[in-house]
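# Coordinates in review
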Amino acid sequence: MKQKIVIMVSMACHKCRAKAMELAAKATGVISVAITGDYTDRLELVGDGVDLVCLVRCLRRKVGRAMILQVEEVKAKKPEEKKPEDKKPHPLPQCYPGCYHCPPVPRTMVIYDESAACFIM
């Protein structure tokens, strides 16, 4: 049974955030970890069979205050049925009678040869 868990952790700096994410990612059963919230103080975990008490205890010991905010079951989304679309053939490009397409004009390149330049000493 997949669960979505939200834990509020006091993370003051980027180093603390990285350490909290690393600890959460190493926990058994965790599938994904994300930092959310207005003040980037919440860890959002998705996992199957996560030992939540052990994880929060480890976060409190290594990072700082940690509090469980939400635990909910993740329901599998059913794929939406696709409606059959009317498959119309693509229209062919139309040419007006009497018009023709000109072949592309080759571009000329000018090469400057410095050895042929005049040197005055």
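Residues numbered from 1 in each chain as written. Predicted model: local features only at pLDDT ≥ 70, side-chain atom pairs only at ≥ 80, totals over all residues. Heavy atoms only, no water.

### Some points on the overall build of the protein
Threshold: Strands are runs of DSSP state E lasting at least 2 residues, helices are runs of H or I lasting at least 4, and numbering of each runs from the N terminus. In this scheme, a residue with accessible area under 20% of its type's maximum is buried, one over 50% is exposed, and one in between is partly exposed, where area comes from a 1.4 Å probe on protein chains only. Whether two residues are in contact is decided by their heavy atoms: any pair within 4.5 Å suffices. Note on areas: these come from Shrake-Rupley sampling with a 1.4 Å probe, and a residue is covered only by the protein chains present in the view.
Helix and strand content of the protein: two helices and four strands. Listing every helix and strand of the protein by position from the N terminus yields β-α-β-β-α-β. Here the protein, with 121 residues, has 21% of them falling under the buried criterion. Partitioning the contacts of the protein with sequence separation of at least 6, the portion at a separation of at least 24 is 62%. As displayed, the protein offers around 11200 Å² of accessible surface, 57% of which is attributable to carbon and sulfur atoms.

### What about the pairing of strand β3 (residues 42-48)?
Here is the rule: Paired strands, as defined in this entry, are two strands with at least two bridges between them according to DSSP.
Sheet analysis places strand β1 (residues 2-9) next to β3, joined by seven bridges and oriented antiparallel. Considered in β3, the bridge of lysine 4 is made with valine 46. Examined bridge by bridge, strand β2 (residues 30-36) and β3 share six bridges and lie antiparallel to one another. The partner of threonine 36 across the bridge, within β3, is arginine 42. Counted along the chain from β2 to the antiparallel partner β3, the turn is five residues long, and its residue glycine 37 has a positive phi close to 100 degrees.

### Brief notes about the nonpolar core
Formally: Residue types Ala, Val, Leu, Ile, Met, Phe, Trp, Tyr and Cys, when buried and joined through side-chain atoms within 4.5 Å, form a set referred to as a nonpolar core.
One finds Ile7, Val9, Leu45, Leu55, Leu59 and Val63 to be the most contacted residues of the largest nonpolar core, which totals 18 residues. Those elements giving two or more residues to this core turn out to be β1, α1 (14-26), β3 and α2 (52-62). Tallying contributions element by element places α2 first for this core, with four residues.

### Quick word on the side chain of aspartate 41
Summarising the element assignment, aspartate 41 is placed in the loop between β2 and β3. Contact partners of aspartate 41, with chain neighbours within four places excluded, come to Ile7, Met8, Val9, Met11 and Thr36.

### What to know about the environment of threonine 28
Within the fold, threonine 28 resides in the loop between α1 and β2. With 27 residues separating them along the chain, threonine 28 and leucine 55 place their C-alpha atoms 9.2 Å apart. If we ignore the near neighbours within four places in the chain, the residues touching threonine 28 are Gly49, Val50 and Asp51.

### Brief notes about α1
The cut-off we apply is this: What a helix is expected to span follows from its residue count: subtract one and scale by 1.5 Å. Here the arc refers to the directions that run from the helix axis out to each C-beta atom.
In this model α1 runs 18 Å from its N-terminal to its C-terminal C-alpha over 13 residues, within 8% of the 18 Å that 1.5 Å per residue would give. Every buried residue of α1 is accounted for by Arg17, Ala20, Leu23 and Ala24. Take α1 and look down its axis: the buried residues cluster within an arc of 130 degrees, on one side only. Facing away from the buried side of α1 by more than 90 degrees, the exposed set consists of His14, Lys15 and Lys26.

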